[in-house]
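# A closer look at the structure
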Amino acid sequence: MEAIHPYEIVLSLAGHDKGRLFCVLSVEDGYCMLADGKERKLDAPKKKSVKHLRGVGTSAHPAIVRLQRGGKISDRALRAALAAFRESSPI
């Protein structure tokens, strides 16, 4: 299993959110903090085990780049970044 890194786009493999894309905000002790801007906002990320996730890639979307540089983004911008990723790459 490959390591999952912050700001990577991941696919949920288990749970009620199975099949949904998330952005990893942080990784610690085998768990990731995830947000999608809709069900899981940036202010209240979801904690999920890395064994229930699969990394599907990274995004060069301006919102993700801003997060990588330590900036703030809106939930709306995160939703747009995930939608653009979903359209550009087959999952």
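## What about the overall build of the protein chain?
Of regular secondary structure, the protein chain possesses 2 helices and 5 strands. Taking 12 Å as the expected radius of gyration for a compact globule of 91 residues, we find that the protein chain reaches 12 Å, a close match to that expectation. Within the span of the protein chain, comprising 91 residues, buried residues form 36% of the whole. When contacts within the protein chain are restricted to residue pairs at least 6 apart in sequence, long-range pairs at least 24 apart make up 47% of them. Taken as a whole, the protein chain presents about 5,600 Å² of accessible surface, with 49% of it coming from carbon and sulfur. Taking the average location of the 16 positive side-chain charges in the protein chain and that of its 10 negative ones, the two points are 4 Å from each other.

Conventions we followed
- Residues numbered from 1 in each chain as written.
- Predicted model: local features only at pLDDT ≥ 70, side-chain atom pairs only at ≥ 80, totals over all residues.
- Heavy atoms only, no water.
- Helix = DSSP H or I, 4+ residues; strand = E, 2+ residues; numbered from the N terminus.
- Rg over C-alpha atoms; globule rule 2.2 N^0.38 Å.
- Buried < 20%, exposed > 50% of the residue type's maximum accessible area, 1.4 Å probe, protein only.
- Contact = heavy atoms within 4.5 Å.
- Areas by Shrake-Rupley, 256 points an atom, 1.4 Å probe, with all protein chains shown as cover.
- Lys, Arg positive; Asp, Glu negative; His and termini not counted.
- Charge placed at Lys NZ, Arg CZ, Asp CG, Glu CD.

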